[in-house]
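Single-letter residue listing:
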Amino acid sequence: MLVDSHCHLDFADFDADRAALMARAAEAGVGLMVTISTRIATFPRVLAIAEGHGNVYCSVGVHPNSAHEEPDVTTEEVVDLSRHPKVVAIGEAGLDYFYGAEHKAVQAVGLRRHIAAARITGLPLVIHARNADDDMIAILTEEMGQGAFPAILHCFSSGPELARVGVELGLYVSFSGILTFRNAEAIREVALSVPKDRLLVETDAPYLAPIPHRGQRNEPAYVRDTAKFLGELIGVGDEIEAITTANFRRLFAKIPAEAFESKAPFHG
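Residues numbered from 1 in each chain as written. Predicted model: local features only at pLDDT ≥ 70, side-chain atom pairs only at ≥ 80, totals over all residues. Heavy atoms only, no water.

1. Overview of the environment of His154
- One can find His154 in the loop between β6 (151-153) and α6 (160-168).
- We classify His154 as buried; its relative accessible area is 5%.
- Those residues in contact with His154 that sit more than four places away from it in its chain are His6, Glu92, Val126, Ile127, His128, Ser174, Glu202 and Asp204.
- In this structure the side chain of His154 is engaged in a polar contact, spanning 2.8 Å, whose partner is the side chain of Glu202. (Helix = DSSP H or I, 4+ residues; strand = E, 2+ residues; numbered from the N terminus. Buried < 20%, exposed > 50% of the residue type's maximum accessible area, 1.4 Å probe, protein only. Contact = heavy atoms within 4.5 Å. Polar contact = N/O pair within 3.5 Å; in protein donor to acceptor, adjacent residues only side chain to side chain.)

2. Brief notes about empty space enclosed by the protein
- Overall, the coordinates contain three cavities of 30 Å³ or more when judged by the stated rule.
- Each pocket or cavity is described by its volume, and for the largest cavity that value is around 100 Å³.
- As for the largest cavity, its lining consists of 15 residues, and the residues nearest its centre are Val62, Ala67, Glu70, Gly110 and His114.
- Those elements that place two or more of their residues in the lining of the largest cavity are β4 (87-96) and α4 (104-121).
- Per element, the largest residue contribution to the lining of the largest cavity is six residues, and it comes from α4. (1 Å grid on protein atoms, 1.4 Å probe; cavity = no way out; pocket = protein on both sides within 12 Å on 5 of 7 lines; lining within 4 Å. Points joined across faces, edges and corners; volume = space filled by probe spheres on them.)

3. Some remarks on the pattern of salt bridges
- Counted according to the given criterion, the structure contains 15 salt bridges.
- Linking Glu219 and Arg24 is a salt bridge whose minimum nitrogen-to-oxygen distance equals 2.7 Å. Pair noted here: Glu219 is in the loop between β8 (199-201) and α8 (223-234) and Arg24 is in helix α1 (residues 18-27), with a separation of 195 residues, a long-range link.
- Here Arg24 falls in the partly exposed class, since its relative accessible area comes to 31%.
- Measuring nitrogen to oxygen at the nearest pair gives 2.7 Å for the salt bridge that ties Lys228 to Glu232. Placement of the pair is Lys228 and Glu232 together in helix α8, with a separation of four residues, close to one helical turn.
- The exposure class assigned to Lys228 is partly exposed, which follows from its relative accessible area of 35%.
- For Glu232, a relative accessible area of 52% gives the class exposed. (Salt bridge = Lys/Arg side-chain N within 4 Å of Asp/Glu carboxyl O.)

4. Description of the layout of surface pockets
- As a volume, the largest pocket reaches approximately 520 Å³.
- Every residue lining the largest pocket is counted, 22 residues in all, and those nearest its centre are His128, Arg130, Asp204, Tyr207 and Leu208.
- Secondary structure elements with two or more residues in the lining of the largest pocket: β4 and β5 (125-130).
- The element that contributes the greatest number of residues to the lining of the largest pocket is β5, accounting for three residues.

5. A look at unusual backbone geometry
- Residue Glu92 follows Gly91 across a cis peptide bond; omega there is 15 degrees.
- Note on placement: Glu92 falls in strand β4.
- A cis amide bond links Ile211 to the next residue, Pro212, at an omega of 15 degrees.
- Considering the arrangement of structural elements, one finds Pro212 in the loop between β8 and α8.

6. So, α8
- Between its first and last C-alpha atoms α8 spans 17 Å; for twelve residues at 1.5 Å apiece the expected length is 16 Å, and the two agree.
- Three or more residues of α8 are buried, namely Val223, Asp225, Thr226, Ala227, Leu230, Gly231 and Ile234.
- In this fold, the buried residues of α8 make contact with β1 (2-7), β2 (30-35), β7 (172-175), α7 (185-193), β8 and α9 (240-251).
- Residue Gly235 follows α8 closely and has a positive phi angle near 85 degrees. (Expected span 1.5 Å × (residues − 1).)

7. As for the side chain of Thr245
- Within the element layout of this structure, Thr245 appears in helix α9.
- For Thr245, a relative accessible area of 11% puts it in the buried group.
- Residues contacting Thr245, with those up to four places away along its chain left out, are Met1, Leu2, Val3 and Phe260.

8. Focus: the packing of aromatic side chains
- One pass over the structure, following the stated rule, counts five aromatic pairs.
- The interplanar angle of 20 degrees and the centroid separation of 4.4 Å between the aromatic rings of Phe248 and Phe252 together place this pair among those described as stacked.
- Measuring from centroid to centroid gives 6.2 Å for Phe248 and Phe260, while their planes differ by 55 degrees, and the two rings are tilted. Within this pair, whereas Phe248 is found in helix α9, its partner Phe260 is found in the segment after α9, the two being separated by twelve residues in sequence. Neither residue differs from the other here; Phe248 and Phe260 are each classed as buried.
- By way of ring pairs, the aromatic residues Phe248, Phe252 and Phe260 are connected into one cluster. (Phe/Tyr/Trp six-rings, centres within 6.5 Å; stacked < 30°, edge-to-face > 60°.)

Honestly, that's just the spatial picture; any functional story needs more than this.
Here it is in structure tokens:
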């Protein structure tokens, strides 16, 4: 099967056709999805979607662009919410200086709290990094030195140095539809540099639909287009299915083994 390691199924963009979307994902061979939390206030809606679908899991956390709206969320609160069997990751948390540069300090505090939650729970931290490479490198390096934690650089759109340091620190790197964009040569160079056992694919739906769907609302079925592109880019073809799903299974270790027993074919 293929896996969409990062989407936002709770967003209003999907309210009209969420059931049809799930059917299209299954038809495309997408067997598992992780729907990602962006606010603690809306986490109950995220969790409800995961609880309502056997092949959907979720994370819990506060997006950096929401960190100033929920500055009092504690590590303990995130850890407590993560005990639900459907919660398999922490975040997304991180640094975003493209939209939220005026909130750098509160973003950093939030990121460190989420790192602590990942360290305590052993669940992977889903990291959002945009226009903040130097500070992200500094925080990740410092925090990893204080105790290891699993993590993923999601929807990678940063520079090669963040990818290099991330891999050295043990992180995984996930690529979205951005990889397929005509002006994304620098991201493709990064993808070529990431070891195969650290690669993941995602949609970040409803955003960033890959070619040939660019300009449309993104959805989990389209992860097959990004996977196909990545497989061809790194020279493994349809083996990208097995590679990325094995990596996902290793990182998202809380997901039970039986969830991976689907024999849905890869549509390359």
